[in-house]
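A closer look at the structure
Here are the chains, one letter per residue:
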Amino acid sequence: NVKGALFDLDGVLVDTAKYHYLAWKQLAEELGFAFTEADNERLKGVSRTRSLEIVLEVGGVSLSEAEKHRLAEEKNERYLQYIRNMDESELLPGAKAYLLQLKEQGVRIALGSASKNAVFILEKVGILELFDSIVDGTKVSKAKPDPEVFTLGCHELGLTPQDCVVFEDAEAGVQAAIAAGMYVVGIGSEAILGAANRVVRGLDELVA
Ligand code: G6P
Ligand code: MG
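None of the values given here were measured: they were computed from a predicted structure.

Side chains three or four residues apart in an α-helix point the same way, a direct result of the helix having 3.6 residues per turn. Spanning 12 residues, helix H3 (residues 48-59) covers 17 Å between terminal C-alpha atoms, matching the ideal 16 Å at 1.5 Å per step. Listing the buried residues of H3 in full gives Arg-48, Ser-51, Leu-52 and Val-55. Down the axis of H3, the smallest arc covering the buried residues is 100°, so these residues share one side. When the buried face of H3 is taken as reference, the exposed residues oriented beyond 90 degrees from it are Thr-49 and Glu-57. The secondary structure elements touched by the buried residues of H3 are helix H1 (17-31) and helix H4 (65-83). One or two positions beyond H3, positive phi appears at Gly-60, with a value near 65°.

In structure tokens:
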């Protein structure tokens with residue numbers, strides 16, 4: 001029986017994956033190359049620094065550490081412009097209802113995200129107080145597909161991996177959950193998330 005639920009943020013609870021994509025795409029265009037939605041799949045669940053490296057790899061561009069640092073900051077500034085005005089309406093369908101349903105069932109809830117903007121976003125959309133634990137990009141050092149983010153979340157909830165279920169929209173996130181020894185529900189397409197135990201289009205499908 002499930003005692004803990006660990007949620008990825010971007011693309012699972014909130015529709016911010018599109019803003020990450022737009023910000024990276026603009027950065028790529030500025031550097032003189034195109035960045036497609038297919039390329040973008042590789043960035044999902046991946047840290048900001050690693051995302052930049054992948055973007056530069058797509059464009060065949062190599063830069064100094066200082067220049068990379070500046071571009072990562074610039075991307076985040078752009079991303080912040082998009083998320084600054086977020087409100088409840090940008091919660092994905094069923095997200096809040098499903099969190100409330102789990103709470104009612106006594107399931108403990110943790111966030112497991114690589115984002116350093118996670119708390120800001122949870123506050124904006126009004127669901128921060130529903131979490132018993134927040135593991136985000138400020139707490140973990142190893143990016144998904146490393147299991148650290150989920151292992152830590154499970155530990156903070158005082159549970160074992162067999163008690164926990166992970167909700168993920170990224171291939172790297174599904175791999176991280178599997179590596180952590182947890183049951184994983186993919187949110188999105190079967191084609192990308194086929195390794196998950198179960199795949200649904202969105203959390204709304206799980207609301208009773
Ligand atoms: C999540 C997203 C990634 C993003 C990463 C870092 O994992 O899926 O696309 O790059 O967080 O987010 P941040 O808000 O810290 O740049
Ligand atoms: Mg995600």
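So, next bit.
Quick look at the packing of H1 against H4 now. For the pair H1 and H4, the least separation of the axes is 9 Å and the interaxial angle reads 135°. Our classification of the angle between H1 and H4 gives oblique. Considering how the two elements wind past one another, H1 and H4 form a crossing that is right-handed. Contacts between H1 and H4 involve Tyr-19, His-20, Leu-22, Ala-23, Trp-24, Gln-26 and Leu-27 from the former and Leu-71, Glu-74, Lys-75, Arg-78, Tyr-79, Tyr-82 and Ile-83 from the latter.

About the thresholds
- Residues numbered from 1 in each chain as written.
- Chains lettered and ligands numbered in written order.
- Predicted model: local features only at pLDDT ≥ 70, side-chain atom pairs only at ≥ 80, totals over all residues.
- Helix = DSSP H or I, 4+ residues; strand = E, 2+ residues; numbered from the N terminus.
- Expected span 1.5 Å × (residues − 1).
- Buried ≥ 20, exposed ≤ 12 C-beta atoms within 10 Å, placed from the backbone.
- Arc of directions from axis to C-beta.
- Contact = placed C-beta atoms within 7 Å.
- Axes fitted to C-alpha atoms, helices over the stretch in contact; angles between N-to-C directions.
- Parallel < 35°, antiparallel > 145°, perpendicular 65-115°, else oblique.
- Left-handed = near helix turned anticlockwise from the far one by under 90°.

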